[in-house]
Amino acid sequence: MNRLGSEPVRHEPHGPVIQLELPLLLPEAVGDQDVCIARLLRLMQRRRGVRHAHVERTTGSAALCLHYDPEVLPLDQVEALARAAGTAITARFGHVVLPFQSVGSEDSGRRFEMELRTMPGVRAASVNFAAQLARVEFDRRRVDEQRIARSLSERAAARRPTIPPRSWYARNRALAWSLTSGVFLLLGAVATRLEEVPALAVTALFAVAYVFGARDNVGHFIADLRRGRFHFNIDLLMVVAAVGAALLGEWFEGALLLFLFSLGHALEHYALGRARHAIAALAELAPQTARVVRDGTEAIVPIVEVQRGDRVVVWPAERIPVDGIVREGHSGVNQAPITGESVPVDKAADDTVFAGSVNGEGALVVEVTAAVGDRTLDRVIKLVSEAQTQKAPTQQFTDRFARIFVPAVLVADALLIVVPPLLGVWTWSESFYRAMALLVAASPCALALGTPAAVLSGIAQAARNGVLIKGGAHLESLGAVHTLALDKTGTITLGEPCVTDLRPATGVSEELLLQTAASIERRSQHPLARAVVREAEARALAVPAADDATAVTGRGMRGVVEGVRVEVGRLLLFDDAQVAVPDTIRDAVSTLERAGRSTLVVRRAEAASTGVAPEIEWLGVIGVADQPRPGARGTLALLRRMGIQRIVMLTGDNAGAGNAVAAQIGVTEVHAGLLAADKVSVIQELAKRGPVAMVGDGVNDAPALAHAAVGVAMGGAGSAAALETADVALMGDDLSRLPFAIGISRAARRVIRQNVAISLAVIASLVVATLVGALGIGPAVALHEGSTLVVVANALRLLSYRSPGRAR
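Residues numbered from 1 in each chain as written. Predicted model: local features only at pLDDT ≥ 70, side-chain atom pairs only at ≥ 80, totals over all residues. Heavy atoms only, no water.

Peer 1: Before we go on, may I ask you to explain the overall build of the chain in this structure?
Peer 2: Tallying secondary structure elements over the chain gives 27 helices and 30 strands in all. For the chain, the residues scored as buried account for 54% of the 808 residues in total. Sequence-distant contacts, at least 24 apart, represent 67% of the contacts inside the chain between residues at least 6 apart. Counting every atom, the chain has about 34200 Å² of accessible surface; 56% of that belongs to carbon and sulfur. (Helix = DSSP H or I, 4+ residues; strand = E, 2+ residues; numbered from the N terminus. Buried < 20%, exposed > 50% of the residue type's maximum accessible area, 1.4 Å probe, protein only. Contact = heavy atoms within 4.5 Å. Areas by Shrake-Rupley, 256 points an atom, 1.4 Å probe, with all protein chains shown as cover.)

Peer 1: It is not clear to me how the sheet that holds strand 22 (residues 556-561) should be interpreted in this structure. Could you clarify?
Peer 2: In a beta sheet, neighbouring strands pair by backbone hydrogen bonds and run either parallel or antiparallel. Read from one edge of the open sheet, six strands run 20-25-24-23-22-21, paired in antiparallel fashion. Two strands bound the open sheet, and with one partner strand each, they are strand 20 (498-504) and strand 21 (546-552). Looking at each pair of strands side by side, their axes are set apart by 20° on average, direction ignored. Sheet contacts for helix 17 (residues 510-521): strand 20, strand 21, strand 22, strand 23 (564-569), strand 24 (598-607) and strand 25 (618-625); angle to strand 25, the most-contacted strand, approximately 75°. (Pairing = 2+ DSSP bridges. Axes fitted to C-alpha atoms, helices over the stretch in contact; angles between N-to-C directions.)

Peer 1: In this structure, what is going on with the packing of aromatic side chains? I would like to understand it.
Peer 2: The geometry of an aromatic ring pair is captured by two quantities: the separation of the ring centres and the angle between the planes. For the structure shown, the criterion picks out seven aromatic pairs. The interplanar angle of 5° and the centroid separation of 6.4 Å between the aromatic rings of Phe184 and Phe212 together place this pair among those described as stacked. A residue pair is termed long-range when its members are at least 10 positions apart, and Phe184 in helix 6 (residues 173-191) and Phe212 in helix 7 (residues 199-226) qualify at 28 residues. Take Phe212: its relative accessible area is 25%, and that puts it in the partly exposed class. A ring pair is formed by Phe574 and Trp618, whose centres lie 5.2 Å apart and whose planes are at 70°; its orientation type is edge-to-face. Taken as a pair, Phe574 in helix 19 (residues 571-576) and Trp618 in strand 25 lie far apart in primary sequence, 44 residues in all. As far as burial versus exposure is concerned, Phe574 and Trp618 are alike and both buried. Taken together, the ring pairs connect Phe397, Phe401 and Phe405 into an aromatic cluster. (Phe/Tyr/Trp six-rings, centres within 6.5 Å; stacked < 30°, edge-to-face > 60°.)

Peer 1: What am I meant to see in the nonpolar core here?
Peer 2: A general trend in soluble globular proteins is that nonpolar side chains are found buried together. Formed by 53 residues in total, the largest nonpolar core has its most connected members in Val467, Leu484, Leu486, Leu639, Val695, Leu738 and Ile742. Looking at this core element by element, the count peaks at nine residues for helix 26 (residues 738-771). Those residues in contact with Leu484, other than ones at most four positions away along the chain, are Leu639, Ile644, Arg646, Ile647, Val648, Ala693, Val695, Leu738 and Ile742. Counting 40 residues, the second-largest nonpolar core is a separate cluster that includes Val202, Ala214, Ala246 and Leu258. (Core = buried A, V, L, I, M, F, W, Y, C linked by side-chain atoms within 4.5 Å.)

Peer 1: Is there a simple way to think about the pattern of salt bridges in this case?
Peer 2: Between side chains of opposite charge, pairing is possible as soon as their charged atoms come close. This structure, assessed with the given rule, holds 19 salt bridges. In this structure, the salt-bridge partner of Lys679 is Asp487, at a minimum N-O distance of 2.8 Å. Placement of Lys679 in helix 23 (residues 676-687) and of Asp487 in strand 19 (residues 483-487) is noted, with a sequence separation of 192 residues between them. There is no split in this pair, since Lys679 and Asp487 are both buried. Arg558 is paired through a salt bridge with Glu567; the nearest N and O atoms lie 2.8 Å apart. (Salt bridge = Lys/Arg side-chain N within 4 Å of Asp/Glu carboxyl O.)

Peer 1: Help me out: how do you make sense of the sheet that holds strand 29 (residues 710-714) in this one?
Peer 2: With mixed pairing, seven strands are arranged side by side in an open sheet as 18-30-29-28-19-26-27. If you trace the sheet from one side to the other, it starts and ends with strand 18 (467-469) and strand 27 (669-671), each paired once. The average angle at which neighbouring strand axes cross in this sheet is 20°, direction not considered. Sheet topology note: the strand 19/strand 28 (residues 692-696) ladder contains four bridges and is parallel. Within strand 28, the residue paired with Ala485 across the bridge is Met694. Sitting on the sheet, helix 15 (residues 472-479) touches strand 18, strand 28, strand 29 and strand 30 (728-730), and the angle it makes with strand 29 is about 95°.

Peer 1: In this structure, what is going on with a nonpolar patch on the surface? I would like to understand it.
Peer 2: A contiguous nonpolar surface patch, about 800 Å² in accessible area, is contributed by Val411, Leu415, Val418, Val419, Leu422, Leu423, Val425 and Trp428. If you tally residues by element for the nonpolar patch, the top one is helix 12 (residues 393-423), at six residues. Checked against the element boundaries, Val411 lands in helix 12. (Patch = residues over 30% accessible without salt bridge, like charges linked within 9 Å, V, L, I, M, F, W, Y side chains within 5 Å.)

Peer 1: Quick question: what am I supposed to make of the packing of helix 21 (residues 632-641) against helix 26 here?
Peer 2: When two helices pack together, their arrangement is given by the angle between the helix axes and the distance between those axes. In contact at an axis separation of 9 Å, helix 21 and helix 26 are set at 20° when each is read in the N-to-C sense. Judged by the inter-axis angle, helix 21 sits roughly parallel to helix 26. As helix 21 runs across helix 26, the sense of the crossing is left-handed. On helix 26, the residues that touch Thr635, Leu638 and Leu639 of helix 21 are Leu738, Pro739 and Ile742. Residues belonging to the contact of helix 21 with helix 26 are distributed by class as follows: five nonpolar, one polar and no charged. (Parallel < 35°, antiparallel > 145°, perpendicular 65-115°, else oblique. Left-handed = near helix turned anticlockwise from the far one by under 90°. Nonpolar A, V, L, I, M, F, W, Y, C, P; charged D, E, K, R; others polar.)

Peer 1: Just checking my understanding: could you explain unusual backbone geometry for this structure?
Peer 2: The general pattern is negative phi for most residues beyond glycine and trans for most peptide bonds. At Asp295, a position not held by glycine, the phi torsion is positive, near 55°. One can find Asp295 in the loop between strand 9 (289-294) and strand 10 (297-302). Classification of Asp295 by relative accessible area gives exposed; the value is 82%. Although it is not a glycine, Asp350 adopts a positive phi angle of roughly 75°. Mapped onto the elements, Asp350 comes out in the loop between strand 14 (345-347) and strand 15 (352-353).

This is the structure we're talking about:
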C-alpha cells in the first residue's frame, strides 16, 4: 500500500499539503504506473475540498502532493479519501479533538483558534465555541498531542476527568454573577429616586454592579495578559463601552449594559448546554459494568476490563454493554439508540448486538467482539465529536465577514468620536456616547453563534435518531440535494441474492453445474458468489476445494478444481479473453437477463497439468436475483414528496436485472453494467445539473461516494468502513432513515439562513438607530443580547425535529 512521504510539509498558496508516496516506478511497468497515477489524480482533484493535486517525480519514485482546505476536508476525511484511492497516510500526521470549558464567548473562541493555529507543527485548527471542542491537525515531528493538550489545559482541564460540580453556584457561577449585578443595578436605580440617598452611595451601588457584570470578561482579559497576550475583542469592547458610559456620568446605562451582556452569555451557555448534553448523553447509553462469565461463574466487572472473546450475560430489560454475537438465548432488542429502528429486532444465536441497545424479555449470552473504544457506540461518539468541529460553509462565510466587519467598526467608531465634534455636529460627550452605543450595536455575537448552534443541534438530533452526519458542511450540502443516486445491491435490495435458475448444458446435471461453480465461488465475498455457495449448501452437495482461485475485478473468478481450470463469471470474462462462447450459452444468458436475472457462466477450460481440454467444456449458466428491501418503494415515494426531483439507480448488474428491481420500487432511471469507475462517471454527469447525494454501502462504492456532493453509507452500525468512508452514515441497515437525514439537513439549512438573516437585520437596524440617536446603550444591548438568544433558541428547535413521515 502507498504511504505518506517523508518530505517536509510545505504551506503553499493552495493550502496545507500532504505528500503521498507512490510505489517504485519499475521500468517494465511504467505504462501501468502512469495509468495508476492518472487515476489517483482524477480521484483527488474532483473531491470537494481538494484545491490542487499534482505528482512530483524523483529518481525511481513518485509522490502525490495533495493541497486541501482543512475547513472543508479535515485530515480524517483526507485519510479516508486516500484509502479509497489505494494510498494511506502514515502516523506522522495526526489530529485530535479535545474539550475545553473556560472560553467565555464566541469571540474568545475565535481568538483561541488563532492561538492554536500559530503553534509550531499545527497544520490546521478549528474551535467550536458552541460545542466546547477544539480540533487540531498536527505534524508529530514538530509537536505532539500532549503539548496541544497542555495548551488547552491552560484554559480548562482538557482531557482530565473532572468531578461534576454539586452546588448550584458551582454549576451556574456566571449566571450567579450576572444576577448579582442585576440586583445591585436595581438597587442603584431605586436609590437614584430617593433624595435621602447620597450620590456617592448610588455610584457605589452601580460600581458593584459593574464589578459583577464585568467579572467574567475582565477575568479572561487578565488571564490573557498573564500569558503575555493581548487581544482587543468584543468582550473587552463591552467593558470599554461601559467604562465610557461611566466617564460620561451614565452609570446606570453602563451597569445595564454589563448586566444584560453577562446575562445573555449565561443564558447562551445554558441553552447551548442542552445541545451539548444531547450528544454527551450518547456516552451514557452503555453501562459502566458488565456481567462476565469467567471460570464458570458470573462476575460484575468494570466495562474497561471486558476483553474481546469474553462472554457477557445480559438479563431482561438491561442495556447491552458490549458489541458482540449472541451465543445463547433469544430476545427482542431495542436498537433505536444506535440504528434508529423504531421496532425491537429479534435476536437469536449468531445475531449481532450493539452496546447501548436495550434487551427485551429474554436473557442473552453475548460473546464480545469489540472492547471499549472499538464498539460502534464509541466510534459514533468519536466521529460526532469530530463532526462538531468542522465548520459549515455558512459559518466560514460569517467568520470571514467578522474578520473584516469588526476592524471596520473599530475604525468607524474612532472616527465617530473625533470627526463630528471637530465639524461642530455633536458635542464631544454626545459623540463619545454614540460611539460607545455603536460598539454594542455592531457586535456580531448573534451572527457568530447562529450557525454553529444550528449545526450542533442538527448533528446531535441526527445522532440520537440513527443518522451520523460528519460535519456542518455535509449537513448543509445534504439539505441542498435534489438528486439521489442509489446503488442497487445491498442498498435498494437486501444484498443477499439467491439462485433462481440453473441452465445446465446438454449432458450436464444441475448438481455438477452448481457444485463446480460453488468450488470457485466460495473463495469470493461477492453477493452473487455467496448465493451460489448457499444454494450448494442447501442441496447438501459435496463441494471440492479449489486451488489458485483468483478474482478478475468486475468479471468473475478463475481457479483449479480437481486438476481442471475452471472459470465462473459474466460473459465479459470470456469476451475479454477472446474465448468463443457457444450460441446456446449466449441464448441462455440473454433469456435470463431479460427476466431480470444476473448470470454466471461456468466453463471448464483445460487440465492444469496436461493442458488437455475436458470432454464437456461449457457446463451451463446460473441465474441469480436479488430482492428489494421491504419498504424501499414507500421510502422513495416519501423522498419524492419531500422534493427529491430525480432518483437514479446504479448497478453493476445487467440492464434486465436492474430494470426488474427498478420496476418493483418505482425507479424509472437505471444505469446498468457499471464498474466502479463507471459509477464515478455517472455521478459526475449527474452533478452537472446540481448537487448529488450517492447512497451505497460505504465499501465497494467508496470512489462514487467520494465524488458525490454527499456520500451516504448504509449499515454504519455494523461497518467501521462505512463510518469512515461516508459523509453521512445511516446506522440501520435500511433506507428508512434517509428521509429523516435529508429532512433534518433541510431544516438545519433553513434555520442557518434564518439566523444569518436575523443577525444581519438586527445589526443593520441597531447601527442606524444608534447613529441617529434613536437608541442609547441600554436599549441597544437589550436588543443585541435578545437577538443572540433568539438565534440560539431557533437553533435549538432542531433538537425536537421529527421524521417528515412514515414510508408506506
